[in-house]
Amino acid sequence: MNVHIRFLGGAGTVTGSKYLVEHDGQSLLVDCGLFQGFKQLRLRNRDPLPVMPNHIGAVLLTHAHLDHSGYLPLLAKEGFHGKVWSTAATRDLAQILLPDSGHIQEEDANFANRKGFSKHAPALPLYTEDDALRCLKLMHTAPMGKAFEPLRGWTARFTGAGHILGAASLLLEVGGKRILFSGDLGRPDDLLMKPPEAPPAADVVVIESTYGDREHPEEDVLAELAPALQRVAARGGTAVVPVFAVGRAQALLHAIAQLKARGDLPHALPVYLDSPMAVHTTGLYARHLGEHRLSAAQCHDMEHGAQMVTSVDQSKAIAQQHGPKIILSASGMATGGRVLHHLAMHLGNHRNMVLLTGYQSPGTRGATMAGGSPTVRIHGQDIPIRAEVVQLASASAHADASQLMDWLRASPSAPHRVFVTHGELAASDTLRQRIEHELGWRALVPEHGSTWAA
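Residues numbered from 1 in each chain as written. Predicted model: local features only at pLDDT ≥ 70, side-chain atom pairs only at ≥ 80, totals over all residues. Heavy atoms only, no water.

Colleague: Teacher, can you tell me more about the overall build of the protein chain here?
Modeller: Within the protein chain, the secondary structure is distributed over 14 helices and 21 strands. Radius of gyration (C-alpha) of the protein chain: 21 Å, near the 22 Å computed for a compact globule of 454 residues. With respect to the three principal axes, the spread of C-alpha positions in the protein chain is 65 × 50 × 40 Å. Here the protein chain holds 454 residues, and 57% of them are scored as buried. Across the protein chain, every contact between residues at least 6 apart in sequence was considered, and the portion connecting residues at least 24 apart equals 73%. Positive and negative charge centroids in the protein chain, built from 41 and 43 side chains respectively, lie 4 Å apart. (Helix = DSSP H or I, 4+ residues; strand = E, 2+ residues; numbered from the N terminus. Rg over C-alpha atoms; globule rule 2.2 N^0.38 Å. Buried < 20%, exposed > 50% of the residue type's maximum accessible area, 1.4 Å probe, protein only. Contact = heavy atoms within 4.5 Å. Lys, Arg positive; Asp, Glu negative; His and termini not counted. Charge placed at Lys NZ, Arg CZ, Asp CG, Glu CD.)

The structure is reproduced here in structure tokens:
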């Protein structure tokens, strides 16, 4: 009997990753991500899945970013009651990320209802903080490199993918087939994370393609970050840095600490980390020593190199601080969270700067700002953009096209087929062509909702 893969997300887009694997009356979901970005993508979050949640036997998470895990509370709310498998660090991050996601959705819905700018009356969150807390009870962990049985007769194994704390590739063995899901692959030269492990042999590979048509610049993040922060500090402005609370926030904190240590930035330049989720995440690096590049001393410097902001009152007080400063705040593509209030306050002043770190998915406010728009819509208002907008090309936590190809080349044998996913269509198809032309492997870009035999 064939093994089938149904692409319920992450196909033709860089968001919403969900892969349903079916065999002999059983099924499991690899990743369970939220759609983000364009409204027509976000609307998919409210569409029912083509399979009843209570018919899904298990969920396996490659990592904790919301585009891979953020649909889980809704899945559980709608009837899924199986086990959710991940690495220990992914579990720890999910305990921070998912309740925060529910809380932000509740806050955004309440704000929209108070201000009356929602088209729905009332505006409702996809799920609540309580929904997220309940789904966390379903989580179970497996160590990197150790085989486990998510369903009877199915074998799975996580291997290190770099990217963020706990991130893994996943080898799934079922029905005589070996299916490898890359997850999001990190960079060999990442500031925080170790390089991805070489892939094991597989019959089918599902590989991400976020940067499938791009190469990272030779310049490293420190060389790119230093002049930008020096400029805004010299003119007495505020640098607002939208960051992903998991990974990007910590990489930027570590980079700023290094720039201060070598004298490229004044030691007295105030740095604020305004994201309860990012604050709690930063503390996890010391708990998972050995899974990243940082020493215990560097973890300490990262935690103590910024003022950690958790309360709303503390967040509001930052605005009263005069003089140059750096505000790191979630979310990384400015899709929600506290960073929106900082952007609304600082975008209109030419002395200030918005520092975008890494990939900005089309349809997000980050992409709008990166594209040179004169305004950006925040909380129902069009905010003029007079601040300098800088996009760091070297800050990405994703492997670039050549690094993705190098990872595939390290495979001990050629797979029968490669599915190129988790990328915009141009990026995915460019990578598909490279795989076919340079490696001679069969590759295709699956469409959303399509089903293929492994």
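Alright, that's what it looks like, and here's the rest.
Colleague: Just checking my understanding: could you explain unusual backbone geometry for this structure?
Modeller: Trans peptide bonds make up most of the peptide bonds, and negative phi angles are found at most residues other than glycine. The peptide bond linking Ala 330 to Ser 331 adopts the cis configuration, its omega dihedral lying at 20°. Structurally, the position occupied by Ser 331 is in the loop between β14 (325-329) and α11 (339-346). Positive phi, close to 50°, is recorded for His 379, a residue that is not glycine. We note that His 422 has phi near 50°; this positive angle belongs to a residue other than glycine.

Colleague: How should I be thinking about the sheet that holds strand β19 (residues 417-421) in this particular structure?
Modeller: Taken together, six strands build an open sheet; the order of strands is β7-β8-β9-β10-β19-β20 and the sheet is mixed. Sheet topology places β7 (155-160) and β20 (443-444) at the edges, where each strand pairs with a single neighbour. With two bridges joining them, β19 and β20 adopt parallel strand pairing. Note on β20: the bridge partner recorded for Val 418 is Ala 443. Contacts between helix α13 (residues 401-409) and the sheet are confined to β8 (168-174), β9 (177-181) and β10 (204-208), with β10 contributing the most and set at about 160° to the helix. The strands touched by helix α14 (residues 425-439) within the sheet are β10, β19 and β20, with β19 carrying the most contacts at an inclination of about 160°. (Pairing = 2+ DSSP bridges. Axes fitted to C-alpha atoms, helices over the stretch in contact; angles between N-to-C directions.)

Colleague: Teacher, can you tell me more about the sheet that holds strand β4 (residues 58-60) here?
Modeller: Sheet strands pair via backbone hydrogen bonds, and the direction of the pair is either parallel or antiparallel. The strand order β6-β5-β4-β3-β2-β1-β21 describes an open sheet built from seven strands, whose pairing is mixed. Two strands bound the open sheet, and with one partner strand each, they are β6 (139-141) and β21 (451-453). Across the sheet, the axes of successive neighbouring strands diverge by a mean angle of 25°, strand direction being ignored. The pairing of strand β3 (residues 26-30) with β4 spans three bridges and is parallel. Residue pairing across strands places Leu 29 opposite Val 59, the latter belonging to β4.

Colleague: Hey, could you run me through the packing of helix α7 (residues 248-261) against helix α8 (residues 276-287) in this one?
Modeller: Packed helices, taken two at a time, are described by their axes: the angle between them and the distance between them. Close contact between α7 and α8 brings their axes to 9 Å; oriented N to C, the two are set at 70°. Compared by their axis directions, α7 and α8 come out roughly perpendicular. Contacts from Ala 249, Gln 250 and Leu 253 of α7 reach α8 at Ala 278, Thr 281, Thr 282 and Tyr 285. In the contact of α7 with α8, the residues fall into four nonpolar, three polar and no charged. (Parallel < 35°, antiparallel > 145°, perpendicular 65-115°, else oblique. Nonpolar A, V, L, I, M, F, W, Y, C, P; charged D, E, K, R; others polar.)

Colleague: Which parts of the structure should I look at to understand the pairing of strand β2 (residues 18-23)?
Modeller: Remark: a regular strand shows side chains that alternate across the two faces of the sheet. With five of six residues buried, β2 is to be regarded as a mostly interior element. Here strand β1 (residues 4-9) pairs with β2 via five bridges, running antiparallel. Residue pairing for β2: Ile 5 is matched across the bridge by Val 21. The pairing of β2 with β3 spans five bridges and is classified as antiparallel. Bridged to Glu 22 within β3 is Ser 27. Linking β2 to β3, which pair antiparallel, is a turn of two residues; within it Asp 24 sits at a positive phi near 50°.

Colleague: I would appreciate a short explanation of the side chain of Ser 169 in the present structure.
Modeller: Relative to the helices and strands, Ser 169 resides in strand β8. Look at Ser 169 and you get buried, because its relative accessible area is 1%. Sequence-distant contacts of Ser 169, that is, excluding residues within four places in its chain, are made with Arg 157, Phe 158, Thr 159, Ala 161, Leu 180, Phe 181, Ser 182, Leu 185 and Trp 407.

Colleague: Would you mind showing me how to read the environment of Ser 17 here?
Modeller: Considering the arrangement of structural elements, one finds Ser 17 in the loop between β1 and β2. In this structure, the C-alpha to C-alpha distance between Ser 17 and Phe 35, residues 18 residues apart in sequence, is 7.9 Å. In this view, Ser 17 contacts Gly 9, Gly 10, Asp 31, Cys 32, Gly 33, Asp 67, His 68 and His 422; residues no more than four positions away in its chain are not counted.

Colleague: So what exactly am I meant to see when it comes to the nonpolar core here?
Modeller: Generally speaking, a soluble globular protein has its nonpolar side chains buried in company with each other. Membership of the largest hydrophobic core comes to 98 residues, with the highest contact counts inside it found for Leu 75, Ile 207, Leu 328 and Ile 435. Broken down by element, this core gets its largest block of residues, eight residues, from helix α6 (residues 221-234). Ranked by size, the runner-up nonpolar core spans 28 residues in total, among them Ala 142, Trp 154, Ala 168 and Phe 181. (Core = buried A, V, L, I, M, F, W, Y, C linked by side-chain atoms within 4.5 Å.)

Colleague: Explain the environment of Gly 290 to me, please; I cannot follow it from the model alone.
Modeller: Its place among the elements puts Gly 290 in the loop between α8 and α9 (296-304). Gly 290 sits in the partly exposed class, given a relative accessible area of 46%. Spatially, the C-alpha atoms of Gly 290 and Met 193 are 9.9 Å apart, while their sequence positions differ by 97 residues.

Colleague: Looking at this model, I keep getting lost on the environment of Gly 102. Mind explaining?
Modeller: The topology assignment puts Gly 102 in helix α4 (residues 88-115). Along the chain, Gly 102 and Pro 125 lie 23 residues apart, while their C-alpha atoms are 7.6 Å from each other.

Colleague: Help me out: how do you make sense of the pattern of salt bridges in this one?
Modeller: A pair can form between side chains of opposite charge whenever their charged atoms are brought close. The tally for this structure, following the rule as stated, stands at 19 salt bridges. Residues Asp 213 and Arg 214 are paired through a salt bridge, measuring 3.0 Å at the closest nitrogen-oxygen approach. Classification of Arg 214 as partly exposed rests on a relative accessible area of 31%. As a salt-bridge pair, Asp 382 and Arg 377 come within 3.1 Å of each other at their nearest N and O atoms. Since its relative accessible area comes to 46%, Arg 377 is described here as partly exposed. Salt bridges sharing partners connect three or more residues here, namely Glu 215, Asp 406, Arg 409, Arg 434 and Glu 438. (Salt bridge = Lys/Arg side-chain N within 4 Å of Asp/Glu carboxyl O.)

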